[in-house]
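So the chains spell out like this:
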Amino acid sequence: AEEKAGIIKKSIPVIIGQRSEEYNHVFMRRAEELHSRVIFAEEAWRLNAVEHFDDDNQHFSLTRMRDGRGYELDVDLLGSYQRHNIVTVCAAADLLAEHTPLTISRRAFREGLATAAASTGLAGRWQVLSREPYTVCDTGHNADGLKYVAAQLEALECDRLFAVMGFAKEKDLAKIMALLPRKAHYIFTKAQIERARAIEDIAAEAERLGLDYECQPTVREAVERAKCLALPADAIFIGGSNFVIAEL
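Everything numeric here is computed off the predicted structure, so don't read it as measured data.

Conventions we followed
Residue positions within a chain follow its written sequence, with the count starting from 1. In view of the model being predicted, local features appear only for residues whose pLDDT reaches at least 70, and side-chain atom pairs are presented and counted only at 80 or more, with totals across whole chains, interfaces and linings using the full set of residues. With hydrogens and water excluded, all non-hydrogen atoms of the structure serve as input to the side-chain values. In these notes, a set of buried Ala, Val, Leu, Ile, Met, Phe, Trp, Tyr and Cys residues joined through side-chain atoms within 4.5 Å is what counts as a nonpolar core. For the exposure calls, accessible area comes from a 1.4 Å probe over protein chains only, and a residue counts as buried if that area is under 20% of its type's maximum, exposed if over 50%, partly exposed in between. Strands here mean DSSP runs of E at least two residues long; helices mean DSSP runs of H or I at least four residues long; both are numbered from the N terminus. This arc describes the spread of directions from the helix axis toward the C-beta atoms. Contacts are residue-level and defined by heavy atoms, with any inter-residue pair within 4.5 Å sufficient. By salt bridge we mean one thing: a side-chain nitrogen of Lys or Arg within 4 Å of a carboxyl oxygen of Asp or Glu. Here a strand pair is declared whenever DSSP counts at least two bridges between the two strands. Here, axes are lines fitted to C-alpha atoms. For helices the fit covers the stretch in contact, and angles between N-to-C directions go from 0 to 180 degrees.

Enquirer: I tried to follow the nonpolar core on my own but got confused; where do I start?
Expert: A general trend in soluble globular proteins is that nonpolar side chains are found buried together. Core analysis: the largest hydrophobic core is formed by 26 residues, its most contacted members being W126, M165, F167, M177, F188 and F237. Only α6 (143-155), β8 (161-165), α7 (173-177), β9 (185-188), α8 (199-209) and β11 (235-239) provide two or more residues apiece to this core. If one sorts the elements of this core by residue count, α6 sits on top with four residues. Formed by 17 residues, the second largest nonpolar core is a distinct cluster that contains V87, F109, A116 and A117.

Written as structure tokens, this is what we have:
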């Protein structure tokens, strides 16, 4: 939180996506020092419901708390964690529209969200790559991000789950891997960069946790191995590191 608070600038409002008693005081103290207004997104906007009308979009129903106005928004980004992001996005856009010269119309806001991935080329955020077998990748790479990814993997309806994963050196391997679903067969690998964690380290932690796993030397070979093992009713997940997704 101390590091994140470094973004706060003198007399410039700061929006906090998720508040917590563990770290609120850190942001508040820094904001007071710099005379900056703090907006907690969850107090400015309320998420009422999330619906999935198809496999490519999420529909969010939200209320703006200052006037009770309702918003129905479609987003072409999947992943359960988007329920947190959408509240922060709404708070940011509303602040800009109300308190800066920038004008963001309701229509522009709706259309921008509905085509966020398509118009920006954003990839790797619970991105569906195939339907049979269901194949998805996600760039969640720390404990907080992987917590949501793991929960979504647990909820997947499939016969067997195969997970191709690699990690970066600096990540807390024990903390991250403790979150991984026990039902999966893991294929651990290593991106071709200096920052990638050695496969031997990952295998040792997997052994300690009692995971069902094997190892492949490259991302390409790991993905091909998963494709060979998976049947149409199975699922394949690829993730653990931005670098793994980049190679994919």
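From this point, things continue past the structure.
Enquirer: What am I meant to see in helix α1 (residues 24-33) here?
Expert: An α-helical segment advances 3.6 residues per turn. Residues three or four places apart therefore align on the same side. Turning to α1, its buried residues are N24, V26, F27 and A31. Take α1 and look down its axis: the buried residues cluster within an arc of 165°, on one side only. Each element contacted by the buried residues of α1 is listed here: β1 (14-16) and β2 (38-40). Following α1 by one or two positions, H35 has its phi on the positive side, about 55°.

Enquirer: So what exactly am I meant to see when it comes to the pattern of salt bridges here?
Expert: Should the charged atoms of two oppositely charged side chains come close, the side chains can pair. Inspection of every chain in the model, using the stated rule, returns 17 salt bridges. Between R64 and D94 there is a salt bridge; the shortest N-O distance is 3.0 Å. A residue pair is termed long-range when its members are at least 10 positions apart, and R64 in strand β4 (residues 58-64) and D94 in helix α3 (residues 82-99) qualify at 30 residues. Taken as a pair, R64 and D94 share a single burial class, namely buried. Two residues, D138 and R125, come together in a salt bridge whose shortest N-O distance is 3.8 Å. One end of the pair, D138, is in strand β7 (residues 134-138); the other, R125, is in the loop between α5 (116-120) and β6 (127-131), and 13 residues separate them in sequence. Overall, D138 belongs to the buried group, its relative accessible area being 0%. When salt bridges with common partners are traced through the structure, they connect R64, R66, D67, D94 and E98 into a single cluster.

Enquirer: Explain unusual backbone geometry here, please?
Expert: In most cases, non-glycine residues show a negative phi, while peptide bonds are predominantly trans. Note that the residue after E132, namely P133, is joined by a cis bond; omega there is -5°. Summarising the element assignment, P133 is placed in the loop between β6 and β7. A positive phi angle, near 60°, is found at S11, a position not held by glycine. One non-glycine residue, W126, lies in the positive phi region at around 45°. In this structure, W126 sits in the loop between α5 and β6.

Enquirer: What is the right way to read the sheet that holds strand β3 (residues 45-51) from this model?
Expert: Two strands in a sheet stick together by hydrogen bonds in their backbones, pointing the same way (parallel) or opposite ways (antiparallel). The three strands are arranged β3-β4-β5 in an open sheet whose pairing can be described as antiparallel. Unpaired on one side and paired on the other, β3 and β5 (69-75) mark the two borders of the sheet. Between one strand and the next, the sheet's axes are offset by a mean angle of 25°, whatever the strand orientation. Bridge count between β3 and β4: six bridges; the pairing is antiparallel. Across the sheet, the residue bridging to V50 is F60, located in β4.

Remember, this is a structural readout, not a statement about activity or role.
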